[in-house]
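# Residue-level structural notes
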Amino acid sequence: MSTPSADSIIRTHFPHHKIKTADRVQSLWSNYGEIVRYHLGNQDTSQLQNNNNSRQTVILKWVELPDELSVHNHPRGWSSQVSNQRKISSYINEQRFYSTHSINMPDHCYVPKYIASDCFPLPAAPQIMWLLMEDLDALGFDQRFTVATLDQAKRCIDWLANYHAHFLPIETKTLWRTGTYWHLDTRQDEYNAMSEGSVKIHARAIDQKLANAHFKTLVHGDAKVANFCFDTRNNRVAAVDFQYTGRGVGVRDLVYFLGSCFFGRDLVENESVLKEYYFNQLRNALTASSCAIDADLVIAEWRDLYPFCWADFERFLLGWAPTHNKLSGFSKKMTDIAINQLKKDDCNGSN
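These remarks concern the structure in this document. Quick caveat: nothing in here was measured; it's all calculated off a predicted structure.

### Details of the overall build of the protein chain
If you tally the helices and strands in the protein chain, you get 10 helices and 9 strands. The C-alpha atoms of the protein chain give 21 Å as radius of gyration, which agrees with the globular expectation for 351 residues (20 Å, within 12%). By principal-axis analysis of the C-alpha atoms, the protein chain measures approximately 75 × 50 × 35 Å. Counting across all 351 residues of the protein chain, residues that qualify as buried make up 52%. For the protein chain, the exposed surface amounts to about 16600 Å²; the carbon and sulfur share of it is 48%. When the 37 positive and 39 negative side-chain charges of the protein chain are each reduced to one mean point, those points stand 1 Å apart.

Now the structure itself:
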């Protein structure tokens, strides 16, 4: 089977359209490809048969592995066969999410509708992967932000709470066993680069605390505010970028989200309000569903694990980018709470 071009994929799935224009939306991390918006025009209106054929724009996520790995391709100089394999696995993971798990999602956690995807060559390690999906901009989700107001943050937290509630009772064994792009098992290079200290000493214990949680759902895994698309007319959001969606405690997404859109004093002032808002929305979503899981038990466990999520991400940053602005006084405070709890548990266990 020959490797298709991006244009040929569009023509295959929209045979009764012509390609009017193709606009590059953005490049992928470390120059692993690009996201392209295709504008379509009708060639034969008598052949229009389904929703796919009536689309005017679609999004193609085109992944093409670089010929040579180079630290210069990575924004912070991290590039290796380990990181390359992680990226490949993440794009396959995203295809699996869209093709098998994005169907029948609640309206409160909207994601782009899946059209098609594939990898080439097969069955060898793929060099080209692509994902064809709905264009959120065409539906009104055309606003993106890198920081958020309190109201915008609540809209994203609504999405997260409903996403977590939806997937709590659902098996997702085909996706990452542990969601998030920073979890310890896949970040040994960064761990080894860390300076010696309390966080490094307790890194495995922090990871195990999260891994041993009783209640796990599907976490988004990269829930920064930039991965939410806002519909300002209808006060709704949709989410994109599911490369690292997998099992975990929901507050891992919450912690990462809060750190992505609030800094300094804004984080200190808004964190407590938004944390309680998340738990309230999670309770409402679980109560409204037919899920038999006790919301009180879920919330109690995730509330206890909340500081460990901060400590876990702090561990990653200390190895990956030790001068990053997300390493704040607040994140250190939460990390200290988690480590002190571990020490307390050790003392109680030894008595």
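### Describing empty space enclosed by the protein
Tallied over the entire structure, the rule returns 4 cavities of 30 Å³ or more. Taken as a whole, the largest cavity spans an internal volume of roughly 90 Å³. Forming the walls of the largest cavity are Val 255, Tyr 256, Gly 259, Trp 310, Phe 313, Glu 314, Leu 317, Lys 326 and Ser 331. Mapped onto the lining of the largest cavity, the elements with two or more residues apiece are helix H7 (251-261) and helix H9 (295-320). Ranked by the residues each element gives to the lining of the largest cavity, the list is headed by H9, at 4 residues. Along the lines of polarity and charge, the residues of the lining of the largest cavity split into 5 nonpolar, 2 polar and 2 charged.

### Here's the deal with the pairing of strand E1 (residues 17-27)
Every regular strand shows the same layout, with side chains that alternate between the two sheet faces. As judged from the 9 bridges shared by E1 and strand E2 (residues 33-42), these two strands associate in the antiparallel manner. Across the sheet, Lys 18 pairs through a bridge with Gly 41, a residue of E2. Connecting the antiparallel pair E1 and E2 is a turn made up of 5 residues, with Ser 30 showing a positive phi of about 60°.

### As for the environment of Trp 310
Examined against the element boundaries, Trp 310 turns out to sit in helix H9. For the pair Trp 310 and Lys 333, spaced 23 residues apart in the sequence, the C-alpha separation amounts to 9.2 Å. Filtering out sequence-adjacent residues up to four positions away, Trp 310 remains in contact with Val 255, Gly 259, Leu 267, Phe 330, Ser 331, Met 334 and Thr 335. At 3.3 Å, the side chain of Trp 310 forms a polar contact with the side chain of Tyr 306.

### Details of the nonpolar core
Trp 159, Phe 228, Phe 257 and Trp 302 are the most contacted members of the largest nonpolar core, which has 75 residues in total. Here the element with the most residues in this core is H9; it accounts for 10 residues. In this structure, Phe 228 is in contact with Gln 143, Arg 144, Cys 156, Trp 159, Leu 160, Ala 223, Val 237, Ala 238, Ala 239 and Phe 257, ignoring residues within four places of it in sequence. In this structure, Ile 10, Val 36, Tyr 38 and Leu 40 belong to the second largest nonpolar core, which totals 16 residues.

### Looking at the state of the cysteines
Inspection of every chain in the model, using the stated rule, returns 0 disulfides. Cys 261 provides the cysteine sulfur closest to Cys 309, a residue in no disulfide bond, and the two sulfurs are 16 Å apart.

### Details of the packing of H7 against helix H8 (residues 265-288)
At a closest axis distance of 11 Å, the pairing of H7 and H8 adopts a crossing angle of 150°. The pairing of H7 with H8 is recorded here as roughly antiparallel in orientation. H8 is crossed by H7, and the crossing has right-handed handedness. Packed against H7, whose contacting residues are Val 251, Leu 254 and Leu 258, the element H8 presents Leu 267, Glu 271, Leu 274, Lys 275, Tyr 278 and Phe 279 at the interface.

### Focus on the layout of surface pockets
Its boundaries defined by the atoms lining it, the largest pocket holds a volume of some 1200 Å³. Along the wall of the largest pocket there are 44 residues; nearest its centre are Gln 26, Asp 222, Lys 224, Asn 227 and Asp 241. Of all the secondary-structure elements, those providing two or more residues to the lining of the largest pocket are E1, E2, strand E3 (57-64), helix H2 (81-101), strand E5 (128-134), H7 and H9. Of the pockets and cavities examined, the second largest pocket occupies roughly 260 Å³. Looking at the second largest pocket, it is lined by 15 residues, and the ones nearest its centre are Arg 177, Thr 178, His 183, Asp 185 and Ala 211. Going through the elements one at a time, helix H6 (203-211) and strand E9 (246-248) are the ones with two or more residues in the lining of the second largest pocket. In terms of residue count, the dominant contributor to the lining of the second largest pocket is H6 (4 residues). Looking at the lining of the second largest pocket residue by residue, the class counts come to 4 nonpolar, 5 polar and 6 charged.

Parameters and conventions
- Residues numbered from 1 in each chain as written.
- Predicted model: local features only at pLDDT ≥ 70, side-chain atom pairs only at ≥ 80, totals over all residues.
- Heavy atoms only, no water.
- Helix = DSSP H or I, 4+ residues; strand = E, 2+ residues; numbered from the N terminus.
- Rg over C-alpha atoms; globule rule 2.2 N^0.38 Å.
- Buried < 20%, exposed > 50% of the residue type's maximum accessible area, 1.4 Å probe, protein only.
- Areas by Shrake-Rupley, 256 points an atom, 1.4 Å probe, with all protein chains shown as cover.
- Lys, Arg positive; Asp, Glu negative; His and termini not counted.
- Charge placed at Lys NZ, Arg CZ, Asp CG, Glu CD.
- 1 Å grid on protein atoms, 1.4 Å probe; cavity = no way out; pocket = protein on both sides within 12 Å on 5 of 7 lines; lining within 4 Å.
- Points joined across faces, edges and corners; volume = space filled by probe spheres on them.
- Nonpolar A, V, L, I, M, F, W, Y, C, P; charged D, E, K, R; others polar.
- Pairing = 2+ DSSP bridges.
- Contact = heavy atoms within 4.5 Å.
- Polar contact = N/O pair within 3.5 Å; in protein donor to acceptor, adjacent residues only side chain to side chain.
- Core = buried A, V, L, I, M, F, W, Y, C linked by side-chain atoms within 4.5 Å.
- Disulfide = S-S within 2.5 Å.
- Axes fitted to C-alpha atoms, helices over the stretch in contact; angles between N-to-C directions.
- Parallel < 35°, antiparallel > 145°, perpendicular 65-115°, else oblique.
- Left-handed = near helix turned anticlockwise from the far one by under 90°.

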